[in-house]
Amino acid sequence: LRTSASGGIMEEANKDCPGVESEDAGKMSACEGCPNQRLCASGKANEPDKDLPLIEEKLSHVKHKILVLSGKGGVGKSTFTTNLARGLAQSSDDVEIGVMDIDICGPSTLKMFDAEKEEVHSSSSGWSPVYVEENICLMSVGFLLPSADDAVIWRGPKKNGLIKKFLKDVDWGDLDYLLVDTPPGTSDEHLSAVQLMMSSGVDGCIIVTTPQEVSLLDVRKEISFCNKVKLPIIGVVENMSGFICPSCKKSSEVFRATTGGAQRMSEEMNVPLLGSIGIDPRIGMCCDKGESLFDIAPDSVVVGQYNAIVSKVKQFLKNKETQ
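Read on for a plain summary of the structure. Quick caveat: nothing in here was measured; it's all calculated off a predicted structure. (Residues numbered from 1 in each chain as written. Predicted model: local features only at pLDDT ≥ 70, side-chain atom pairs only at ≥ 80, totals over all residues. Heavy atoms only, no water.)

### A few points about helix H11 (residues 301-322)
Logical step 1: Between its terminal C-alpha atoms H11 stretches 32 Å, which fits the 32 Å expected from 22 residues at 1.5 Å a residue.
Logical step 2: Of all the positions in H11, only Val302, Val303, Gln305, Tyr306, Ile309, Val310, Val313 and Leu317 are classed as buried. Buried residues of H11, seen end-on, are gathered within an arc of 160° and therefore sit on one face of the element. Those residues of H11 that are exposed and aimed more than 90 degrees away from the buried face are Lys318 and Thr322. (Helix = DSSP H or I, 4+ residues; strand = E, 2+ residues; numbered from the N terminus. Expected span 1.5 Å × (residues − 1). Buried < 20%, exposed > 50% of the residue type's maximum accessible area, 1.4 Å probe, protein only. Arc of directions from axis to C-beta.)

Structure (structure tokens):
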């Protein structure tokens, strides 16, 4: 693990690491043998990141910043992020949305926004995000790859460097919402995103899961991660909660919620449940074609479910502003 000057655990730290903020950093018996011992003892590990002011300035024009997380891969996090962006975009007039895809090893939002042939341009103010719709712009590592089939084989520091570059060098402009699509789990990318964005004001995160216990096990870890880094949880979304027939609109259980699903887990972990989203074949079709579900099936059950979640997210942000 690795943290910034806010005082956490350094990369490859020993089990009982006191943290870089401690006066005993690098000097305790628990520090013996740690590869970071000399760095911590020098005090340099606790120095503020010189790029934080640049990031704060770049994000100062972004009204709301939301991270989308998942404990396990394959639960539809990127699909949810894409549809949340489109749902927010059509929920109000004159609203501007940004999507930052930091799922570096699996950047799929390009496909979902039909932006695979687009290119990122740079100017004196930095990289310009690609406008995939009239009021939705996107930045992803996928734009920087020679081919969509190329694998990103990077170690943690290089991934963290790209996330920092997306935050300090991308000219996001004036945005109402910036949605950050993260990789599954609790890795370097999550720590970097949270720590680099925290000083500029992160509103919170949305955690995506599926009903079965195999997914919920990792969501509990994700919730624990959020609590440890003091990242507010806007709520949990249960994706793929049942197959919804496009014709009769009846729902059939596909992934059985053997332990009560997201509903019971949210109650046990004391986090809000934003809602459930069913399985509709048109969701996958829209993702593959880069089309908007809100245009293809505006009267569908799943669009209604997305709209209900959008309303709850907006209400959360409104309540936070008045606190």
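Next comes the rest of the description.
### Notes on the pattern of salt bridges
Close approach of charged atoms lets side chains of opposite charge pair.
Logical step 1: What the rule picks out here adds up to 14 salt bridges.
Logical step 2: In this structure, Asp169 engages Lys165 in a salt bridge whose closest nitrogen and oxygen atoms are separated by 3.0 Å. You can see Asp169 and its partner Lys165 sitting in helix H5 (residues 156-169), four residues apart, about one turn around the helix.
Logical step 3: With a relative accessible area of 31%, Lys165 lands in the partly exposed category.
Logical step 4: Residue Arg220 is joined to Glu268 by a salt bridge in which the shortest nitrogen-to-oxygen separation is 3.9 Å. Here Glu268 lies in helix H8 (residues 261-269) and Arg220 lies in helix H7 (residues 213-228), a separation of 48 residues in the sequence. (Salt bridge = Lys/Arg side-chain N within 4 Å of Asp/Glu carboxyl O.)

### Quick word on the nonpolar core
Logical step 1: Residues Leu67, Phe80, Trp172, Leu178, Ile206 and Ile207 are the most contacted members of the largest nonpolar core, which totals 85 residues.
Logical step 2: With seven residues, H11 is the largest single contributor of residues to this core.
Logical step 3: With near-sequence residues (within four places) excluded, Phe80 lies in contact with Val68, Ile206, Val208, Val237, Ile277, Tyr306 and Ile309. (Core = buried A, V, L, I, M, F, W, Y, C linked by side-chain atoms within 4.5 Å. Contact = heavy atoms within 4.5 Å.)

### Side note on the pairing of strand E7 (residues 175-181)
Logical step 1: Of all the seven residues making up E7, six are buried; the element is thus mostly covered by neighbouring parts of the structure.
Logical step 2: Relative to E7, strand E1 (residues 62-70) is paired through six bridges, and the arrangement is parallel. In the strand pairing of E7, Leu67 is matched with Val180.
Logical step 3: Relative to E7, strand E2 (residues 97-101) runs parallel, the two sharing five bridges. Opposite Met100, over in E7, you have Val180 as the bridge partner. (Pairing = 2+ DSSP bridges.)

### Section: the state of the cysteines
Logical step 1: Tallied over the entire structure, the rule returns zero disulfides.
Logical step 2: The thiol of Cys137 is unpaired, and the distance to the nearest cysteine sulfur, on Cys287, comes to 19 Å.
Logical step 3: The buried category is assigned to Cys137, whose relative accessible area is 0%.
Logical step 4: In this structure Cys286 is not part of a disulfide, and its nearest cysteine sulfur, from Cys287, lies 7.1 Å away.
Logical step 5: Given the relative accessible area of 3%, Cys286 is considered buried. (Disulfide = S-S within 2.5 Å.)

### Topic: unusual backbone geometry
Negative phi characterises most residues that are not glycine, and trans characterises most peptide bonds.
Logical step 1: A positive phi angle is found at Asp114, which is not glycine, with a value near 55°.
Logical step 2: Here Asp114 shows up in the loop between helix H4 (109-112) and strand E3 (121-123).
Logical step 3: Taking the relative accessible area as the measure of exposure, Asp114 reaches 52% and is therefore exposed.
Logical step 4: One non-glycine residue, Lys230, lies in the positive phi region at around 60°.
Logical step 5: What makes Lys230 exposed here is its relative accessible area of 66%.

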